[in-house]
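So you can see what is in the structure, the chains are spelled out below.
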Amino acid sequence: MQSLVQLYTLVAIFCLLLFKSPREIFANRYLKFLLLLLICISVIKILAVARVLSFGPLVYVISNTALFVFIPAIYLFLRNQMSMQANSRKDIVHLLPAAGYSLIWMLLFVFKNNEGLAKADIFNESSVSQGPPLVYFLLFGYGMVAWYLLLVLGIVKSRYAFPKKAEVFSPVGAALMVGEKLENEHKAEFQTGSTYLTEEKILQIDNRIREFLESQRPFLRHGYSLKQLAEDTELPVHLLSAFINKHYKVNFNDFINEYRVNYGKNKIMNDECKSKKLEAIAEESGFSNRNTFTAAFKRVTGLNPSEFLKTIKEKQAA
């Protein structure tokens, strides 16, 4: 069992590195919690096996329960990253093994008053006697870890399997996504890899991006980057960048600057120019300077800010 758990952990970590860079992994709160949980579990088991410290039965139960949480939690994260979805109420079923395990161990300990039974580590065969309850738990543990290992391997297969011919040439056939590696905040370089999105999934991603930008207005922050948007929308950086390029037909900077220009344009239309200079409006709209604001404004509207302001005044005078 211990070797199976180690295999699952290695496969899961390998998959994480396929989906995210080490920097992204350590920047994600959910993943940092899972890694901390795994470290705590490992430390407890190492100290227990080495007999450096003597733990009470409750520590063993908590350690094994935490492992029952870690195993499905890693799978759920990988699944959500692959399918671009969030956890739902139905996913609470993945907590049942941990809840059932801890409850049954507690009942066995309380009613049988057997400290050795509660202190057994079912993820380590060497510590498990051949008593019927422990054999049942061992089989249960094997089954659970093997099942989630198959699910994680299925995610890898679906991500890297060669697409079917029908998927490539279907009319809806969903935008070919190629992996990207950011050279810097402004420019990306295409790599290999492919992910096919259905029309429904494209709509979901589009709604997620636009709803976040319109409600939170992160583009007003100077230097707002692709990586920050990926973290805020919980989308992989490579997929988000490819989606913007393929779906919106612009790069990330132009995409964000369009929101900034529209925000600044509304300020001009609301007569804020009477009390503010264009430099101030540019800064409040998320631009670092007036020149960048002017260039982006002309690209979006066809006029520079001064010309746009002039047309507004002419309309008001008429």
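Residues numbered from 1 in each chain as written. Predicted model: local features only at pLDDT ≥ 70, side-chain atom pairs only at ≥ 80, totals over all residues. Heavy atoms only, no water.

Caption draft 1: Fine view of the overall build of the protein chain. Within the protein chain one finds 15 helices and four strands. Within the protein chain, the fraction of its 318 residues that count as buried is 41%. The contacts of the protein chain with a sequence gap of at least 6 include a subset with a gap of at least 24, amounting to 62%. Within the structure as shown, the protein chain displays about 18200 Å² of accessible surface, and the carbon and sulfur contribution to it stands at 60%. (Helix = DSSP H or I, 4+ residues; strand = E, 2+ residues; numbered from the N terminus. Buried < 20%, exposed > 50% of the residue type's maximum accessible area, 1.4 Å probe, protein only. Contact = heavy atoms within 4.5 Å. Areas by Shrake-Rupley, 256 points an atom, 1.4 Å probe, with all protein chains shown as cover.)

Caption draft 2: Structural detail: the packing of helix 9 (residues 199–216) against helix 12 (residues 252–269). One way to put it is that helix 9 packs onto helix 12 with a least axis distance of 11 Å and a crossing angle of 40 degrees. The orientation of helix 9 with respect to helix 12, classified from their angle, is oblique. Once helix 9 is placed against helix 12, the crossing between them reads as right-handed. In this structure, helix 9 uses I209, R210, L213 and E214 to contact helix 12, whose residues at the interface are F255, I256 and Y259. (Axes fitted to C-alpha atoms, helices over the stretch in contact; angles between N-to-C directions. Parallel < 35°, antiparallel > 145°, perpendicular 65-115°, else oblique. Left-handed = near helix turned anticlockwise from the far one by under 90°.)

Caption draft 3: A look at the environment of L16. With respect to the helices, strands and loops of the structure, L16 is situated in helix 1 (residues 2–19). Overall, the relative accessible area of 3% leaves L16 in the buried class. Along the primary structure L16 and L31 are separated by 15 residues, whereas in three dimensions their C-alpha atoms are 9.3 Å apart. In this structure L16 touches I25, L31, I74, F77 and L78, once residues within four positions along its chain are discounted.

Caption draft 4: Representation of the nonpolar core within the structure. With 36 residues, the main nonpolar core has Y8, F70, I71 and I74 as its most contacted residues. Secondary structure elements with two or more residues in this core: helix 1, helix 3 (29–50), helix 4 (57–83), helix 5 (96–112) and helix 7 (132–160). Ranked by the residues each element gives to this core, the list is headed by helix 4, at 12 residues. For F70, the residues in contact, after removing those within four places along its chain, are T9, L34, L37 and L38. Core analysis: the next-biggest nonpolar cluster, separate from the first, contains 22 residues, I209, F212, F255 and I256 among them. (Core = buried A, V, L, I, M, F, W, Y, C linked by side-chain atoms within 4.5 Å.)

Caption draft 5: Quick peek at the environment of Q204. Secondary-structure assignment places Q204 in helix 9. A polar contact is formed between the side chain of Q204 and the side chain of K201, at a distance of 3.1 Å. (Polar contact = N/O pair within 3.5 Å; in protein donor to acceptor, adjacent residues only side chain to side chain.)

Caption draft 6: Expanded view of the packing of aromatic side chains. The final tally for this structure, using the stated rule, is 10 aromatic pairs. A ring pair is formed by F219 and Y263, whose centres lie 6.4 Å apart and whose planes are at 70 degrees; its orientation type is edge-to-face. Residue F219 is found in the loop between helix 9 and helix 10 (226–233), and its partner Y263 is found in helix 12; the two are separated by 44 residues along the sequence. Using a relative accessible area of 21% as the deciding quantity, one classes Y263 as partly exposed. Aromatic pair F255 and Y259: ring centres 5.6 Å apart, planes at 75 degrees, arrangement edge-to-face. Separated by four residues within a single helix, F255 and Y259 lie in helix 12, roughly one turn from each other. Pair check on accessibility: F255 and Y259 agree, each one buried. Taken together, F219, F243, Y248, F255, Y259 and Y263 form an aromatic cluster joined through their ring pairs. One cation-aromatic arrangement involves R260 over F287; the distance from NZ or CZ to the ring centre is 5.9 Å. (Phe/Tyr/Trp six-rings, centres within 6.5 Å; stacked < 30°, edge-to-face > 60°. Lys NZ or Arg CZ within 6 Å of the ring centre and 35° of its normal.)

Caption draft 7: Seen up close, the confidence of the model for the protein chain. Per-chain confidence: the protein chain averages 75 in pLDDT, with 75% of residues scoring 70 or above. The model gives residues 162–194 a pLDDT under 50, and that stretch makes 61 contacts with residues more than four places away or in other chains. (pLDDT = per-residue confidence, 0-100.)

Caption draft 8: Molecular detail of the pattern of salt bridges. Under the defined criterion, the tally for this structure stands at eight salt bridges. Notably, a salt bridge pairs D91 with R79, separated by 2.8 Å at the nearest N-O pair. Residue D91 is located in the loop between helix 4 and helix 5, and its partner R79 is located in helix 4; the two are separated by 12 residues in the primary sequence. R79 sits in the buried class, given a relative accessible area of 14%. Among the salt bridges present, the one from K276 reaches E284, with a minimum N-O distance of 3.0 Å. Classification of K276 by relative accessible area gives partly exposed; the value is 27%. (Salt bridge = Lys/Arg side-chain N within 4 Å of Asp/Glu carboxyl O.)

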